[in-house]
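As a plain string of letters, each chain reads:
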Amino acid sequence: MPTTMAHASIGEALDILEKQDVSINSIPEIESVVGKIGRVESALDPAPVGMIETIINYKDEYITDKAGRRMNFRYDKSTGEFVRDTDGNLIEDARGRPYRQWRDTIKSRMTSGKRL
């Protein structure tokens, strides 16, 4: 968790938080990112005022349905690409292939021993 300098104003801290959220959200595998700065008026929150807490939600590795099952989409073996409709959307096809939402270079949520 990053922290701001002790003398940073709330405006500076919010600016840092916003830039961090935008930067993290630009990663293709990220579905959403939300940052929080400061702490709750409670003895149960030990975070210093300048600490930034960030929650990151990753996309599923493959497109899934509401039940969490991988969906298959039409795939053209001759071109090696997924077929899309006129609006650019993937076309569901039970005999097709699952569509991976992560870049090929990303093999898992683990990078350098740290869980993504």
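All of these numbers come straight from a predicted model, not from anything done at the bench.

Asker: How would you explain the pattern of salt bridges if you had to name every residue and give the values?
Answerer: All told, the structure shown has six salt bridges when counted by the stated rule. Glutamate 53 is paired through a salt bridge with lysine 36; the nearest N and O atoms lie 3.3 Å apart. Taken together, the residues glutamate 53 in strand β2 (residues 52-58) and lysine 36 in strand β1 (residues 30-37) connect sequence positions 17 residues apart. Glutamate 53 gets classed as partly exposed once you look at its relative accessible area, which sits at 25%. Accessibility expressed as a relative area gives 32% for lysine 36, which makes it partly exposed. In this structure, arginine 100 engages glutamate 61 in a salt bridge whose closest nitrogen and oxygen atoms are separated by 2.8 Å. Taken together, the residues span a long stretch of sequence, with arginine 100 in the loop between β6 (97-98) and β7 (110-111) and glutamate 61 in the loop between β2 and β3 (72-73) at a distance of 39 residues.

So, how was this worked out
- Residues numbered from 1 in each chain as written.
- Predicted model: local features only at pLDDT ≥ 70, side-chain atom pairs only at ≥ 80, totals over all residues.
- Heavy atoms only, no water.
- Salt bridge = Lys/Arg side-chain N within 4 Å of Asp/Glu carboxyl O.
- Helix = DSSP H or I, 4+ residues; strand = E, 2+ residues; numbered from the N terminus.
- Buried < 20%, exposed > 50% of the residue type's maximum accessible area, 1.4 Å probe, protein only.

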